[in-house]
Amino acid sequence: MTAPRPAPNADDLLVLLAVARDGRYTAAAARLGLNHTTVARRIDALEQALGGRVLARGAAGWVLTPLGEQALAAAEGVERAMRSLSHETAALHGVIRLSATDGFSGFIAAPAIVAVRRQHPDVSLEIVAATRRAAQHRVGVDLEVVVGRPHVQRAEAIHLADYVLGLYASRAFLERHGTPRSPAELAGAPLVYFIESMLQVDALDEARRSTRGMTDAVSSTNVYVHVDATRAGAGFGLLPAFLADPHDDLVRLFPDEVEERLPYWLVCRPEALRQPTAIAYIAALRARIAEVGDELLGRARTR
């Protein structure tokens, strides 16, 4: 007769919760105040109790197995139960890890965390600024903001907002080289935009269609470089209106002919949507987006 397996230990479940959120034993150990060996031992004990693997190695860290996802739901229940016993149930704490584009990170994400921290000063934000496709395995991040509709599995995708790209040049550049009278006169003109060979986002690549005849002058993976290079007179910049319009030295050209509307999408693991800190931060992102909706769509300068 086979001896019954021991019931899963609540502490082991909480260790799994930390590994699932961080993607690595070392980061989970730092979060919990344990060492790497103890985390590994706790995961082993949980797997023995459950009779199977709860974690598998992914390309960038540990990911949950189907059994691990079931155990994670139980772990979140343990976390909620412990929080309900706390005298500080209204206070949130913890780290939110976000991957987002440079422009979104600076204009939306950073102000949003300020709003959260006014009420919950123990919540912090880590931002990995990157312009890329949505990851198939979100290891080490809770939330991811990408440009263009993502195609992901085992994740939630939420449309956040649209923003527009417009064509801009500095006033000094136009004084030196003249102001084109139509988009047709832009053929061969210097363009400031992303490095075409390194651009991984289809929506941003497709946005070049209105500037196909132009010549790359300054290219960068960082949109703030695009803005500064355009202001310095490097050429015509295909820029987010919300970053370009605040600069009085930039002139938007042909707004009716050259305007590319692109969507921001939020991608997150299902378990992130059950974390109070993540829920509070997503609400703050939405509030910030509502506040700057005109800027995102290039309407602020014309109000």
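Description of the structure in this document. Bear in mind the structure is a predicted one, so any value in this text is a computation, not a measurement.

Some words on the packing of helix 1 (residues 10-22) against helix 3 (residues 36-50)
Turning to step 1, where the next piece is worked out: Closest axis-to-axis distance for the helix 1/helix 3 pair is 9 Å, and the angle between their directions is 115 degrees. For the pair helix 1 and helix 3, the sense of crossing is left-handed. Residues Asp11, Asp12, Leu13, Val15, Leu16 and Val19 of helix 1 form the contact with helix 3, whose own contacting residues are Val39, Arg42, Ile43, Ala45 and Leu46.
Turning to step 2, where the next piece is worked out: Residues belonging to the contact of helix 1 with helix 3 are distributed by class as follows: 8 nonpolar, no polar and 3 charged.

Regarding the nonpolar core
Turning to step 1, where the next piece is worked out: Counting 64 residues, the largest nonpolar core has Phe104, Leu143, Tyr163, Leu204, Phe236, Tyr281 and Leu296 as the members making the most contacts within it.
Turning to step 2, where the next piece is worked out: With 8 residues, the top contributor of residues to this core is strand 6 (residues 156-170).
Turning to step 3, where the next piece is worked out: Each residue touching leucine 143, except ones within four places of it in the same chain, is listed here: Ile96, Arg97, Leu98, Ser99, Leu266, Val267, Cys268, Ala272, Tyr281 and Ile282.
Turning to step 4, where the next piece is worked out: The next biggest cluster of nonpolar side chains, apart from the first, holds 23 residues, and it includes Leu14, Ala20, Ala71 and Ala75.

Considering unusual backbone geometry
Turning to step 1, where the next piece is worked out: Backbone geometry places phenylalanine 254, a non-glycine residue, at a positive phi of 50 degrees.
Turning to step 2, where the next piece is worked out: Here phenylalanine 254 is to be found in the loop between strand 10 (250-253) and strand 11 (259-268).
Turning to step 3, where the next piece is worked out: Here phenylalanine 254 falls in the buried class, since its relative accessible area comes to 11%.

A look at helix 5 (residues 102-119)
Turning to step 1, where the next piece is worked out: With 18 residues, helix 5 ought to run about 26 Å at 1.5 Å a step, and its terminal C-alpha atoms sit 26 Å apart, in line with that.
Turning to step 2, where the next piece is worked out: Alanine 109 marks where helix 5 bends most, by close to 35 degrees; the proline proline 111 follows one to four residues later.
Turning to step 3, where the next piece is worked out: The set of residues buried in helix 5 consists of Asp102, Gly103, Phe104, Ser105, Phe107, Ile108, Ala109, Ala112, Ile113 and Val116.

Digging into the pairing of strand 5 (residues 143-147)
Turning to step 1, where the next piece is worked out: With 5 of its 5 residues buried, strand 5 lies for the most part within the structure.
Turning to step 2, where the next piece is worked out: Residue alternation in strand 5 divides its side chains into two sets, Leu143, Val145 and Val147 and Glu144 and Val146, and both sets are buried.
Turning to step 3, where the next piece is worked out: Pairing of strand 3 (residues 93-100) with strand 5 involves 2 bridges; the strand directions are parallel. What sits directly across from serine 99, in strand 5, is glutamate 144.
Turning to step 4, where the next piece is worked out: Pairing between strand 5 and strand 11: 5 bridges, direction antiparallel.

Calculation criteria
- Residues numbered from 1 in each chain as written.
- Predicted model: local features only at pLDDT ≥ 70, side-chain atom pairs only at ≥ 80, totals over all residues.
- Heavy atoms only, no water.
- Axes fitted to C-alpha atoms, helices over the stretch in contact; angles between N-to-C directions.
- Helix = DSSP H or I, 4+ residues; strand = E, 2+ residues; numbered from the N terminus.
- Left-handed = near helix turned anticlockwise from the far one by under 90°.
- Contact = heavy atoms within 4.5 Å.
- Nonpolar A, V, L, I, M, F, W, Y, C, P; charged D, E, K, R; others polar.
- Core = buried A, V, L, I, M, F, W, Y, C linked by side-chain atoms within 4.5 Å.
- Buried < 20%, exposed > 50% of the residue type's maximum accessible area, 1.4 Å probe, protein only.
- Expected span 1.5 Å × (residues − 1).
- Bend = angle between axes of the 7 residues up to and from the residue.
- Pairing = 2+ DSSP bridges.

By themselves, these figures tell us nothing about what the structure is for.
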